[in-house]
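If you want the building blocks of each chain, they are given just below.
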Amino acid sequence: MILLKGFLRHKSSKIYLIIFTVMLLVISILFSFSQYYSNLITKTYQENSYFLVTSEKDIFDNIKEMGFAIDIENVILLEPNNISFPENQDINNNILVDQGNNLIIVSPNRNQEIKLEDNQVVIELPKFMLNNVSRLSNLTGKKISFKIGDNKKDFEIVKIYESNFARVVVSQNTFKDLVQNSSFYAYTFLLNDYRQKEEIVNYFQSQKNVQLNFIQFYESEAQFNTVQSLENVINLLSSGSIIFVVIFLILFLIITYNVIRDELEKMYIERLLGYNKMQIKKFLIMKIIILDLIVIFFYTISYILVNFLIINIFGIKINAFNFNVIYIVFILFLISIFLCFFAGVKRKKIKKRLKIFLI
């Protein structure tokens, strides 16, 4: 215990403690802000865009196995002339056409709060459509006609909802009838991380008889520009994080190696007590691990305080735990132990100090 206290009082140990606590804190904040802005982008994309895939065969499981896709839904794509409003000739069926898609998307009912009969539908429309097209509120209770195969069937409109994109929602049975009369499969899905967008696009472009469209619609140009600005910020933060991590690892190697070399030279008392090299290295590993644990302790306390200040001053909630920092800490532990085993010992200086001590 006395030897450990002496080691922690060394100037080099204090420098080690301060430098790596601060650097871990900075890296953690950079990663956390990068993840925070990435989450903002993902949320904005999910609200204002989606992927539409068409295929000659059922590829639902293929999409699911990618891991990045969420909210995968089998849908039907209809030409605008396959749907009409027989009771309201003054309303154009193009209001049901999805923005950027030129087709009408029909999806099965998944809303547990609304029970649709086979002769009922729900219409979902974007906010700008509901605000700018008159007489839409009068559609509730009116009829809408679907062309299913060679037959036409009337449905009652039971509800009109505000949504990000135009959709016609039908009962599960009606949807099955539409699927049977469709010559291809269609799916919509979102991503849980839009940094993987290019990877998804490249994957589907390499598939045969599969077409992928990325549909985006923003109510204002400012919203679109915000996404672009956030993507630029994330690129800067990511580059800064990588550069800082590289600098951090280089400094860690240099400082840790010097601390270990200095400590090995100072451990002449242990040699006088008869400890062999392996035992001394075990003591050294224990000291370095304890020093690393103290760094982690002070880093954790500092990060909690900084996180608290960021939330209360800026109103930004960053991640409480960052797995990238956990990986870095784990690597540092391994490097520390590796250096303890392979750091050279300046034996001549140790012997010289032993002679002086004995005299």
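To keep things clear, this report deals only with the structure shown in the data block. Please read all numbers here as calculations on a predicted model, not as lab measurements. (Residues numbered from 1 in each chain as written. Predicted model: local features only at pLDDT ≥ 70, side-chain atom pairs only at ≥ 80, totals over all residues. Heavy atoms only, no water.)

Details of the sheet that holds strand E8 (residues 167–170)
Read across the sheet, 10 strands follow the order E3-E6-E7-E5-E8-E4-E2-E9-E1-E10 without closing on themselves; strand pairing throughout is mixed. With partners counted over all chains shown, the strands left at the sheet margins are strand E3 (83–84) and strand E10 (210–216), one partner each. In terms of strand pairing, strand E2 (residues 69–78) meets strand E4 (residues 104–108) through three bridges, oriented antiparallel. Bridging across to E4, Leu-77 finds its partner in Ile-105. Its contacts with the sheet place helix H5 (residues 172–180) against E2, E4, strand E6 (143–148), strand E7 (151–162) and E8, and it is angled at close to 65° to E2. (Pairing = 2+ DSSP bridges. Helix = DSSP H or I, 4+ residues; strand = E, 2+ residues; numbered from the N terminus. Contact = heavy atoms within 4.5 Å. Axes fitted to C-alpha atoms, helices over the stretch in contact; angles between N-to-C directions.)

Things to note about the pattern of salt bridges
Evaluated as defined, the whole model comprises three salt bridges. A salt bridge links Arg-110 to Glu-73, with the shortest nitrogen-to-oxygen separation between them at 3.1 Å. Of this pair, Arg-110 sits in the loop between E4 and strand E5 (120–125) while Glu-73 sits in strand E2; the two residues are 37 residues apart in sequence, bridging distant segments of the chain. Under the relative-accessibility criterion, Arg-110 is labelled exposed at 51%. Here Asp-98 and Arg-167 are joined by a salt bridge, their closest N and O atoms 3.0 Å apart. Within this pair, whereas Asp-98 is found in the loop between E3 and E4, its partner Arg-167 is found in strand E8, the two being separated by 69 residues in sequence. Both residues of the pair, Asp-98 and Arg-167, belong to the buried class. (Salt bridge = Lys/Arg side-chain N within 4 Å of Asp/Glu carboxyl O. Buried < 20%, exposed > 50% of the residue type's maximum accessible area, 1.4 Å probe, protein only.)

Points about the layout of surface pockets
Its boundaries defined by the atoms lining it, the largest pocket holds a volume of some 380 Å³. Lining the largest pocket are 16 residues, and of these Glu-73, Ser-163, Arg-167, Thr-188 and Leu-190 lie nearest its centre. Counting residues per element, the ones that place at least two in the lining of the largest pocket are helix H2 (11–48), strand E1 (49–55), E2 and strand E9 (185–191). Residues belonging to the lining of the largest pocket are distributed by class as follows: five nonpolar, five polar and six charged. (1 Å grid on protein atoms, 1.4 Å probe; cavity = no way out; pocket = protein on both sides within 12 Å on 5 of 7 lines; lining within 4 Å. Points joined across faces, edges and corners; volume = space filled by probe spheres on them. Nonpolar A, V, L, I, M, F, W, Y, C, P; charged D, E, K, R; others polar.)

Observations concerning the pairing of E8
By the alternation rule, side chains of E8 split into Arg-167 and Val-169 and Val-168 and Val-170, which are all buried. Here E4 pairs with E8 via three bridges, running parallel. Within the sheet, the bridge partner assigned to Val-106 lies in E8 and is Val-168. Both E5 and E8 contribute to a ladder of four bridges, which runs antiparallel. Paired with Val-121 across the two strands is Val-170, which belongs to E8.

Considerations on the packing of aromatic side chains
Under the counting rule described, the total for this entry stands at 21 aromatic pairs. Between Tyr-45 and Phe-214, the aromatic rings sit 5.9 Å apart at their centres with planes inclined by 55°, giving tilted as the arrangement. Taken together, the residues span a long stretch of sequence, with Tyr-45 in helix H2 and Phe-214 in strand E10 at a distance of 169 residues. Among the aromatic residues, ring-to-ring pairing joins Tyr-45, Phe-51, Phe-189, Tyr-194, Tyr-203, Phe-204 and Phe-214 into one connected group. Between the NZ or CZ atom of Arg-167 and the centre of the ring of Tyr-50, over which it lies, the distance is 4.7 Å. (Phe/Tyr/Trp six-rings, centres within 6.5 Å; stacked < 30°, edge-to-face > 60°. Lys NZ or Arg CZ within 6 Å of the ring centre and 35° of its normal.)

Details of unusual backbone geometry
The backbone phi angle of Asp-71 is positive, close to 50°, even though this residue is not glycine. The topology assignment puts Asp-71 in strand E2. Note on Asp-71: relative accessible area 56%, which makes it exposed. Notably, Asn-209 is not glycine yet its phi reads approximately 60°, a positive angle. Structurally, Asn-209 can be placed in the loop between helix H6 (197–205) and E10. You can call Asn-209 exposed: its relative accessible area is 52%.

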